[in-house]
Number of protein chains: 2
Amino acid sequence: MISIAVDTMGGDHGPADFVDAVAAASINLNVEFLLVGHERTLTALLSEREHNPERIAVYHAPDAVGQYEDAGRAVAAKPDASIAIAARLVREGLAQTLVTAGNPRAILLTADRSFARIAGVGNVALASVFPTETRRGEKEDPFSLILDTGAAPRATAHDLVAYAVMGGAYASVVSRNLRPRVGLLSNGTEEEAELTPEIREASAALREHPGVHYIGPIDAMDIPRGTADIVVCSGFTGSIATKLLEGVHETVLSLARYAYKERAMKRAALVMLQGGVSQLKQLTDWEQYGGAPILGFEYPIIRAHGRSHARALHNAIKIAAKVAGSDLIARIRTGLAACPPDAGDGASS
Amino acid sequence: MISIAVDTMGGDHGPADFVDAVAAASINLNVEFLLVGHERTLTALLSEREHNPERIAVYHAPDAVGQYEDAGRAVAAKPDASIAIAARLVREGLAQTLVTAGNPRAILLTADRSFARIAGVGNVALASVFPTETRRGEKEDPFSLILDTGAAPRATAHDLVAYAVMGGAYASVVSRNLRPRVGLLSNGTEEEAELTPEIREASAALREHPGVHYIGPIDAMDIPRGTADIVVCSGFTGSIATKLLEGVHETVLSLARYAYKERAMKRAALVMLQGGVSQLKQLTDWEQYGGAPILGFEYPIIRAHGRSHARALHNAIKIAAKVAGSDLIARIRTGLAACPPDAGDGASS
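Before going into details, it helps to say that this report is about the structure given with it. (Residues numbered from 1 in each chain as written. Chains lettered and ligands numbered in written order. Predicted model: local features only at pLDDT ≥ 70, side-chain atom pairs only at ≥ 80, totals over all residues. Heavy atoms only, no water.)

## Comments concerning the sheet that holds strand 7 (residues 181–185) of chain B
All names here are of chain B. The 11 strands are arranged 3-2-1-4-11-10-5-6-9-7-8 in an open sheet whose pairing can be described as mixed. The sheet terminates laterally at strand 3 (56–60) and strand 8 (213–218), the two strands that pair on one side only. Here the strands of the sheet are splayed against their neighbours by 25° on average, with no regard to which way each runs. Pairing of strand 6 (residues 141–147) with strand 9 (residues 230–232), which is carried by three bridges, proceeds in the parallel orientation. When the bridges of strand 9 are listed, Leu 147 appears paired with Val 232. (Pairing = 2+ DSSP bridges. Helix = DSSP H or I, 4+ residues; strand = E, 2+ residues; numbered from the N terminus. Axes fitted to C-alpha atoms, helices over the stretch in contact; angles between N-to-C directions.)

Here it is in structure tokens:
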């Protein structure tokens, strides 16, 4: 039976939303849940909700890492934080995967202490999802996956190839997209000679890779267009791009206010735009709607946004169940083993 | 008297818009123009427009580099292209600066053949402007300057410091902004330890620089917010950011269509949004409205967008006149000379 460890202490809203999501999932899904957090609180919250008690076990964690704490110090000082205990349950084989809405840096540091990396993985990757117009795979998934969005600022050619392999394996499992298109986020429409050495090297390796459907370097506007199912980039680049994409409503309002000051925009158009943008704001806050993976460790981690409420957490749990019941890690191993050898060194950085 | 060489063959719309802009400027401004392009065409176009013939000299260029040609090959094959002749006029002292709307890569390659770099400059920088809500300097300039946006994909710490110095000197001359705030575009709100080595090193050097008003690392959303007057980044990062910022209307429409498919957005809101966005599209096409500099050569170059019409070119000419009549290059020299010595090596890349 599939088991999922759920860190209930990570999000911005406290454990109640996690308990809501897990209580519902214990009835809907054929999955066992290891609920990690403050035992008495969790037991009390569970007693107030309809759930299947045979599917839920509570594990006490006396401590938690706050969303805005210094992650390095907190992880070192709190070996019994909920995220650490959840990771331990996975490492000990009691669960196959881990769902959390915690501080990303704390998750990465904890995972680094608890899990080995898959052979051939240099940097692990923090992925994000982005809604696009395009539908993909059997599940008609509207989301594309971007990785890395900040686990490591720099990526060697070898890292970029590994991100492509891991992202592709994940999409094939979660979106049932058998041939996910992988693009390397690059500096515009320049001739190939203008690419950075890492991208040039990774691009050559991906063209040779039998298991990756590589569509070439793409430019930043290809992300919202949905040209690629998997957008591969360094963590530095990914964090710049996702920040601008997530803040698109703010950018629009900022430009509209500029335009209005300059009298280039009529008041009516400004009001129209603000109305539409306030609706759009809800949508571009898409991380509320589910989870995205951290890839590269021997165990997959599904990370929900800190702002997640029960609905998003329920979606993240469904994703985790799909991942836990799949051969994701084996697919990643196979994909990494098939990397052309000349991309394996990652000499440049 | 100030002299400006104008390459009339670079833009998307042919020389008529340049002749419109220069004809008007020859009457309005106390500036001499060296109009470079096909002599007979230019003479014919001038004869149809009111202008001051004493302020305009036509220089024949038998050739031109197309906007979408392979720049490397074209520049090598066409030594008498209009951009090359315009650069030659500047180098020979007949003009102090050069205005062009040509292929950016061709401009850079031509300038590299024609001009020396200012002592202490490694990479030259291609700047872009971005409208923000904030007003800056005596001229209440709503634009912030981003550099590098693609002259060189990578930047050492030394390059980043030089971009900050050059951008600051430019803003002090063009926006009469005496203390322009400089930000280093970075990977979000991470602790300083997570910065890339170049940014960490550049950040330390900028804090020590007596002539730069450095406000620290900034994140991508600070660009539209206008937190900094000068946004400094590598060409790779700058090209990703400007592509997303320029394409913001496209991103919004793409997200809105996604939302509508998902029925998360009502038809009325979609129509509202499209109305506002179509107005915004005109505005975010802001490169139409003026010019931005290429900095690092012994002579400043003002580049207008390829799509520029007469109004934008007239604005670019006004900027060029301001720059040509200023001590911009001397200010850059002074600023570079004041760089802390430990930022001068740029060992890492």
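## Re the relation of the copies chain B and chain A
Superposing chain B onto chain A takes a rotation of 180° plus a shift of 0.0 Å along the axis, which leaves an RMSD of 0.0 Å. The superposition operator between the copies reduces to a two-fold rotation axis. The share of interface residues of chain B whose copies in chain A are also at the interface is 100%, consistent with both copies meeting through the same surface. (Least-squares fit on C-alpha atoms with pLDDT ≥ 70 in both. Contact = heavy atoms within 4.5 Å.)

## Points about the interface of chain B and chain A
At the junction of the two partners, chain B supplies 63 residues and chain A supplies 63 residues. At the boundary of chain B with chain A, total buried surface from both sides reaches about 5,700 Å², with 67% on carbon and sulfur atoms. Linking chain B to chain A there are six salt bridges. When the shortest N-O distance is used, the salt bridge between Glu 198 of chain B and Arg 154 of chain A registers 2.4 Å. (Buried area = accessible area lost by both parts, 1.4 Å probe. Salt bridge = Lys/Arg side-chain N within 4 Å of Asp/Glu carboxyl O.)

## Comments concerning the sheet that holds strand 9 (residues 213–218) of chain A
Residues and elements named next belong to chain A. Reading across from one edge, 6-7-10-8-9 is the order of the five strands in this open sheet, with mixed pairing throughout. The open sheet terminates on both sides in strands that have one partner only, identified here as strand 6 (128–136) and strand 9. Within this sheet the neighbouring strands show an average axis-to-axis angle of 25°, counted without direction. Here strand 6 pairs with strand 7 (residues 141–147) via five bridges, running antiparallel. Along strand 7, the bridge assignment pairs Pro 131 with Phe 143. Where helix 6 (residues 157–174) meets the sheet, it contacts strand 7, strand 8 (181–185) and strand 10 (230–232), and its direction lies at approximately 165° from that of strand 10.

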